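Structural overview
Given next are the chains, with one letter for each unit.
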Amino acid sequence: AEVVIVPSADEAGSIAAAAIAALVASRPDAVLGLATGSTPLTTWAALATRGPDLSRVRGFALDEYVGLPAAHPESYRAVITREVVEPLGLTPELVRVPGDDGGPLAGAGERYERDIRAAGGVDLQVLGIGRTGHIGFNEPGSSLASLTRVKTLAEQTRADNARFFASVDDVPTHCITQGLGTILRARHLVLLAFGSAKAAAVAAALEGPVSASTPGSVVQLHPKVTVIVDEPAAVHLA
Ligand code: F6R
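All values derive from a computational prediction rather than experimental measurement. (Residues numbered from 1 in each chain as written. Predicted model: local features only at pLDDT ≥ 70, side-chain atom pairs only at ≥ 80, totals over all residues.)

Attention now moves to the overall build of the chain. Looking only at helices and strands, the chain has 8 helices and 10 strands in total. Expected size for 238 residues packed as a compact globule is a radius of gyration near 18 Å; at 16 Å, the chain falls within 12% of this value. Each of the three principal axes of the chain carries a C-alpha extent, and together these read 45 × 40 × 35 Å. The proportion of buried residues among the 238 residues of the chain is 45%. (Helix = DSSP H or I, 4+ residues; strand = E, 2+ residues; numbered from the N terminus. Rg over C-alpha atoms; globule rule 2.2 N^0.38 Å. Buried ≥ 20, exposed ≤ 12 C-beta atoms within 10 Å, placed from the backbone.)

In structure tokens, the structure reads:
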């Protein structure tokens, strides 16, 4: 992986946004893989400032909670609409979230995989990483070849995401997430991490053994990965 250590999350967002803007300049209907959570926010902000035309860009979110209505403000459909689609001018119909096709949850993973394939695959996948080492919601123990499916959220992830809800009890217990195998099919991975709470997960992902216990370590199997981290997140890198 190419590892870029930057002074601030804003700087990281500028670099990631430049990569996205360059992609879209060469391919106006590029397919973006979208992460939610706090990490990509500086990327979206920097992209909004650059102002490229993203109206033809297609998007596939990494994951979605199971059991939250789509209209719930913390569903990833709602988050993507609020934080990505509206401020950046994407076309809502071109942006997908796992399980959003109106069909039953059973088979939703396979249908999402089919839809990503039909779109020609993801050109650039934005990734954050959880303190458990997850990418997407692939918690430790996820198969390295896994595809989109329903998963249980780790208790630590529910606790970490409780900040978006009234209490941890309101955080869903399950999700539907792209698998590690799905993520590896994207043509370019851009992994972002900020703050000391992510340092151990970043070092394990980039420099530890490739293992299902460290889901983020699958990025070591990918030929084109850009890792952009701030100094606190980089402290455990060799
Ligand atoms: C979000 C996702 C997760 C987050 C990770 C980090 O779609 O798939 O892997 O990227 O939990 O979350 P933040 O960025 O909130 O620290």
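All right, on to the sheet that holds strand 6 (residues 124-127) then. Pairing between the strands of a sheet comes from backbone hydrogen bonds, and it takes one of two forms, parallel or antiparallel. The strand order across the open sheet formed by 7 strands is 1-10-9-6-2-3-5, and the pairing between neighbours is parallel. The sheet is open, and its two edges are formed by strand 1 (2-6) and strand 5 (95-96), each paired on a single side. Across 5 bridges, strand 9 (residues 189-193) lies against strand 10 (residues 225-230) in parallel orientation. Bridging across to strand 10, leucine 191 finds its partner in valine 227. Across the sheet, helix 1 (residues 9-26) is in contact with strand 1, strand 2 (31-34), strand 6, strand 9 and strand 10; its angle to strand 10 comes to roughly 155°. (Pairing = 2+ DSSP bridges. Contact = placed C-beta atoms within 7 Å. Axes fitted to C-alpha atoms, helices over the stretch in contact; angles between N-to-C directions.)

On to the environment of leucine 94, then. Residue position: leucine 94 is located in the loop between helix 3 (76-88) and strand 5. Leucine 94 sits 58 residues away from threonine 36 along the chain, and the two C-alpha atoms are 17 Å apart. When neighbours within four sequence positions are excluded, leucine 94 is seen to be in contact with Val57, Arg58 and Gly59.

Bringing the nonpolar core into the picture now. For soluble globular proteins, the rule of thumb is that nonpolar side chains tend to be buried together. Counting 63 residues, the largest nonpolar core has Leu34, Ile80, Leu127, Val190, Leu191, Leu192 and Val202 as the members making the most contacts within it. Ignoring sequence-local partners within four residues, the contact set of leucine 191 consists of Leu127, Ile129, Val219, Val225 and Val227. (Core = buried A, V, L, I, M, F, W, Y, C linked by C-beta atoms within 7 Å.)

Quick look at the UniProt feature "domain: Glucosamine/galactosamine-6-phosphate isomerase" (unreviewed entry) in the chain now. The UniProt record annotates "domain: Glucosamine/galactosamine-6-phosphate isomerase" (unreviewed entry) at residues 10-221. Taken end to end, residues 10-221 has its terminal C-alpha atoms 28 Å apart, with 34% of it in helix and 15% in strand. (UniProt positions renumbered as here; feature names shortened; annotations may be inferred.)

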